[in-house]
Amino acid sequence: MEDRDAFLREFRGETLGTVSAQSSPDELFQNQTIRPILKLQNDLFIAVFINYVNKNKADFYSYTVEKKLQTIENSIQKDIKFRNSLKGIVMALFTIEEYDTYIQNSSSLNKRMMNLLIDRLKSQVQLFELESNSN
């Protein structure tokens, strides 16, 4: 287990965001664990979302940018199965210690995780424009 944990920390890279003595435990977890995982898994999240809209939102590519942004948010917030699969992609890269921290406050950390992922996908909405041109 120690080898796996050491590998994961090295593989994911450094803390992203600001960490200070005033940071809350949730903020520390967000910046030391969640953000690096989201960054590392970004291409996978893009592919997973493209697959999701291709299967569930056939007309997604014809939406206005505003409607695409709303669809990203609604899909993650309201489709429980989809949200759980996204959480799994993140949690698979937790160390055992991070998992222990996560389960102590999973509700709050899930909210942070999904909000960060929504923001990440929304900031890359132009990638979903390009996808429609290649189909």
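Refer to the preceding data block for the structure.
This structure is a prediction, so every number in the text was calculated from the model and none was measured.

Novice: Please explain the overall build of the chain as it appears in this structure.
Specialist: If you tally the helices and strands in the chain, you get 8 helices and 0 strands. Secondary structure elements of the chain, listed N to C terminal, follow the sequence α-α-α-α-α-α-α-α. For the chain, the spread of C-alpha atoms along the principal axes amounts to about 45 × 30 × 25 Å. When burial is assessed residue by residue, the chain has 39% of its 135 residues classed as buried. As presented, the chain carries roughly 7900 Å² of accessible surface, and 50% of it is formed by carbon and sulfur atoms. Each charge class in the chain can be summarised by its mean position, and for the 17 positive and 18 negative side chains these summaries are 8 Å apart.

Novice: What am I meant to see in the packing of aromatic side chains here?
Specialist: The description of an aromatic ring pair uses the distance of the two centres, along with the angle that the planes make with each other. Evaluation of the coordinates by the stated rule reveals 12 aromatic pairs. Aromatic pair Phe7 and Phe11: ring centres 5.1 Å apart, planes at 15°, arrangement stacked. Placement of both Phe7 and Phe11 in helix H1 (residues 2-12) is noted, with a separation of 4 residues, approximately one turn of the helix. Here Phe7 falls in the partly exposed class, since its relative accessible area comes to 48%. Judged by relative accessible area, which is 44%, Phe11 ranks as partly exposed. Between Phe49 and Phe128, the aromatic rings sit 5.0 Å apart at their centres with planes inclined by 55°, giving tilted as the arrangement.

Novice: Looking at this structure, I do not really get the side chain of Asp26. What am I missing?
Specialist: Inspection of the secondary structure puts Asp26 in helix H2 (residues 25-40). No salt bridge is formed by the buried Asp26, whose closest oppositely charged neighbour, Arg112, lies at an N-O distance of 4.2 Å. Apart from residues no more than four positions distant in its own chain, Asp26 is found in contact with Asn105, Ser108, Leu109 and Arg112.

What counts and how
Residues numbered from 1 in each chain as written. Predicted model: local features only at pLDDT ≥ 70, side-chain atom pairs only at ≥ 80, totals over all residues. Heavy atoms only, no water. Helix = DSSP H or I, 4+ residues; strand = E, 2+ residues; numbered from the N terminus. Buried < 20%, exposed > 50% of the residue type's maximum accessible area, 1.4 Å probe, protein only. Areas by Shrake-Rupley, 256 points an atom, 1.4 Å probe, with all protein chains shown as cover. Lys, Arg positive; Asp, Glu negative; His and termini not counted. Charge placed at Lys NZ, Arg CZ, Asp CG, Glu CD. Phe/Tyr/Trp six-rings, centres within 6.5 Å; stacked < 30°, edge-to-face > 60°. Salt bridge = Lys/Arg side-chain N within 4 Å of Asp/Glu carboxyl O. Contact = heavy atoms within 4.5 Å.

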